[in-house]
Amino acid sequence: MGKADVAGDEVKLRPIEFDLAMELFRNMDRPLTREWLWSTVWERGFDLQSRSLDTNMSCLRRKLGLHTGKHGLSLQSIWGTGYQLSQAARAL
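Note that the coordinates shown come from a computational prediction; the quantities given were computed from them, not determined experimentally. (Residues numbered from 1 in each chain as written. Predicted model: local features only at pLDDT ≥ 70, side-chain atom pairs only at ≥ 80, totals over all residues. Heavy atoms only, no water.)

S.K.: Give me the lowdown on the sheet that holds strand 4 (residues 73-78), citing residues and values where you can.
M.R.: Strand order in the open sheet formed by 3 strands is 3-5-4, and the pairing between neighbours is antiparallel. Looking along the sheet, the strands with just one partner apiece sit at the ends: strand 3 (32-33) and strand 4. Where strand 4 and strand 5 (residues 82-87) come together, 6 bridges link them in antiparallel fashion. Directly across from Ser77, in strand 5, lies its bridge partner Tyr83. (Pairing = 2+ DSSP bridges. Helix = DSSP H or I, 4+ residues; strand = E, 2+ residues; numbered from the N terminus.)

Next up, the structure:
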C-alpha cells in the first residue's frame with residue numbers, strides 16, 4: 001500500500017492507485033491516453049473496454065481531492081482520449 005500526503009493528511013493508496021498517481025504527476029499538464037495508462041501501469045495485458053481505469057481514477061480524485069481543485073490541482077477526463085492532471089482554474 002502506498003501513501004500520499006494531502007495538505008498534511010496521510011492518505012493510503014492501493015498499489016495501482018499509487019502507480020497511476022505517479023504517472024499523472026510525472027506527466028502534469030499532458031493528456032495521457034487510456035492505452036498509454038493501461039500499458040504503463042498494468043503489468044498484464046489490458047482491456048480498453050474495462051471500466052477498471054475509470055474506477056481507479058475516480059478513487060484517486062476522491063482520495064487526493066482532485067475533483068474540486070481544492071488543493072490547486074484537477075484531474076480531468078478527456079472524452080475519447082484519457083485523463084489529464086493540471087492546475088485547477090482559480091475562481092475570480
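S.K.: Which residues make up the pattern of salt bridges, and what are the values?
M.R.: Oppositely charged side chains can pair when the atoms bearing their charge come close. Applying the stated criterion across every chain, the model contains 4 salt bridges. Close ionic contact of Arg14 with Glu17 constitutes a salt bridge, the shortest N to O distance being 3.1 Å. Between Arg26 and Glu23 there is a salt bridge, with the nearest N and O atoms lying 2.7 Å from each other. Here the residue Arg26 and the residue Glu23 both occupy positions in helix 1 (residues 15-26), the gap between them amounting to 3 residues, near one helical turn. With a relative accessible area of 54%, Arg26 lands in the exposed category. Accessibility expressed as a relative area gives 13% for Glu23, which makes it buried. (Salt bridge = Lys/Arg side-chain N within 4 Å of Asp/Glu carboxyl O. Buried < 20%, exposed > 50% of the residue type's maximum accessible area, 1.4 Å probe, protein only.)

Read these as geometric descriptors, not functional statements.
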